[in-house]
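One-letter residues, chain by chain:
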Amino acid sequence: MSRQKLIIDGKKKIPATNINGYLIDGPNIEVESRATPLCDVPPMNKGSQPTDGGFLIIESKDYEEFLEREPRAEKFIRRYVGAEEYINGKLRWCLWLVDATPEEIKSMPLVAARVDAVRQYRLTCKSRQTQRDAARPALFQSIRQPSTEYIIVPRVSSERRKYVPMGFLTPDVIASDAASVIPNANLFHFAMLESIVHMAWMRVVCGRLEISYRYSGTIVYNNFPWITPTVQQYLQLSSLAEIILEIRDEHDDMTLAQMYNPESMPDDLRDVHDQIDRLVMSMYGFDESWTEADMIGQLLLMYKELAECAGKN
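Residues numbered from 1 in each chain as written. Predicted model: local features only at pLDDT ≥ 70, side-chain atom pairs only at ≥ 80, totals over all residues. Heavy atoms only, no water.

A. Spotlight on the pattern of salt bridges. Inspection of the entire model under this criterion finds 11 salt bridges. The salt bridge partner of Glu85 is Arg92, with a shortest N-O separation of 3.2 Å. The shortest N-O distance in the salt bridge between Arg203 and Glu292 comes to 2.9 Å. Remark: Glu292 occurs in helix α12 (residues 292–312) and Arg203 occurs in helix α7 (residues 196–205); sequence separation between them is 89 residues. (Salt bridge = Lys/Arg side-chain N within 4 Å of Asp/Glu carboxyl O. Helix = DSSP H or I, 4+ residues; strand = E, 2+ residues; numbered from the N terminus.)

B. Spotlight on the environment of Ile151. Secondary-structure assignment places Ile151 in strand β7 (residues 150–154). Residue class for Ile151 comes out buried when judged on its relative accessible area of 0%. Separated by 30 residues in the primary sequence, Ile151 and Val181 place their C-alpha atoms 5.6 Å from one another. Discounting residues that sit within four places of it in the chain, Ile151 has contacts with Met166, Gly167, Phe168, Ser180, Val181, Ile182, Ala185, Asn186, His189, Phe190 and Leu193. (Buried < 20%, exposed > 50% of the residue type's maximum accessible area, 1.4 Å probe, protein only. Contact = heavy atoms within 4.5 Å.)

C. Layout of a negative patch on the surface. A contiguous patch of negative charge on the surface is contributed by Glu242, Glu246, Asp249, Glu250, Asp252, Asp253, Asp267, Asp268 and Asp271. Every element with two or more residues in the negative patch is listed here: α9 (231–250) and α11 (267–283). Considering each element in turn, the negative patch owes the most residues, four residues, to α9. Looking at the secondary structure, you find Asp252 in the loop between α9 and α10 (256–259). (Patch = residues over 30% accessible without salt bridge, like charges linked within 9 Å, V, L, I, M, F, W, Y side chains within 5 Å. Areas by Shrake-Rupley, 256 points an atom, 1.4 Å probe, with all protein chains shown as cover. Lys, Arg positive; Asp, Glu negative; His and termini not counted. Charge placed at Lys NZ, Arg CZ, Asp CG, Glu CD.)

D. Geometry of the side chain of Asp277. Locating Asp277 in the fold gives a position in helix α11. As a buried residue without a salt bridge, Asp277 has its nearest oppositely charged side chain in Lys162, at a separation of 4.1 Å. Ignoring anything within four residues of it in the chain, the contact list for Asp277 reads Lys162, Tyr163, Glu194, Ser195 and Ile196.

E. Spatial organisation of the pairing of strand β6 (residues 92–95). In this sheet, β6 lies alongside strand β4 (residues 57–59) in antiparallel orientation, the contact comprising three bridges. Pairing of Ile57 across the sheet is with Cys94, part of β6. Where strand β5 (residues 77–81) lies against β6, three bridges are found, and the strand directions are antiparallel. Counterpart to Arg79 in the pairing with β6 is Trp93. (Pairing = 2+ DSSP bridges.)

F. Just a nonpolar patch on the surface, in detail. There is a patch of nonpolar side chains on the surface, built from Val231, Tyr234 and Leu235 and spanning about 300 Å² of accessible area. The exposure class assigned to Tyr234 is partly exposed, which follows from its relative accessible area of 31%.

G. Spotlight on unusual backbone geometry. With a phi close to 45°, Thr51 is a non-glycine residue in the positive phi region. For Thr51, the location among the structural elements is in the loop between β3 (45–46) and β4. The residue Asn184 is not glycine, and still its phi comes out positive at about 65°. Exposure remark for Asn184: the relative accessible area of 55% places this residue in the exposed category.

H. Seen up close, the sheet that holds β7. The four strands lie next to each other as β3-β11-β7-β9, forming an open sheet whose pairing is antiparallel. Each edge of the sheet is formed by a strand with only one pairing partner; in this case those strands are β3 and β9 (167–169). Strand direction decides the pairing type here: β7 and strand β11 (residues 179–183), joined by five bridges, are antiparallel. Its bridge partner lying in β11, Ile152 is registered against Val181.

I. Highlighting the nonpolar core. Grouped together as the largest cluster of nonpolar side chains are 69 residues, with contacts concentrated most on Val197 and Trp201. The biggest single contributor to this core is α7, with eight residues. Setting aside chain neighbours within four positions, we find Trp201 in contact with Val31, Ile219, Val220, Asn223, Phe224, Pro225, Ile296, Leu299, Leu300 and Tyr303. Among the nonpolar cores identified, the runner-up in size contains 24 residues, and Leu95, Leu97, Val115 and Phe140 belong to it. (Core = buried A, V, L, I, M, F, W, Y, C linked by side-chain atoms within 4.5 Å.)

Structure representation (structure tokens):
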């Protein structure tokens, strides 16, 4: 005798036909890690990793004093942004010495001291590769900085938010490995990523850091089943994405954390997100009455078909 399957959501008991590995009522499909996107979209990479013991990083409280004591270093200092800095509007900086000659580094005693500290730090690390990279201490260990404008995707975001705040940064802003980057992405990609359809996908297949969402390029982004828009849909989404960015600029007295807090999200920002959600749901053939669980069931089937086609090629 089979028992009624139930999904417990707080105090609610929701009848289910099949409870899969993601604990939702849907098909038994497991999303696997992929190195490249299933669909024809720009690749996502991790930001650059310093592995420097903190010596290439300049904290906000030290920035002015450092520049006062070492003014020639100004042209080698860049804004440094990860998830925490981007979402909470915190300022950090880094020494970006990719174009600095050895002579220039030696001419800046404070910079030279930090570079030497990086060398010594890397030599004490257990990783043999990091020890080898002590030979080039002026550089981040892994450099993946885009040379064009890019979308920054925080790798960790609060589970309370309906949307993970993403946005565009210029190549002179260095993305840390606490964020992911999508070079050559456009407004259409941004709108799709900030839609409730993509967020539903993210919430189910992503990892967790404690209870916060941990966005992974190899799991979340690379496996997301993108839909091909019509020209009109493409233009509509691009226009709405631009409006979101303009509204964020208008609310420059708020951090993204405040803007995307469900309790303090500005009405105009919420309205444009709602418009994007309705449009993207219609593109996928989803009814506006559908829950996220309903959407996920269909997205998993789309993913399975795409993955099977990719496996045959």
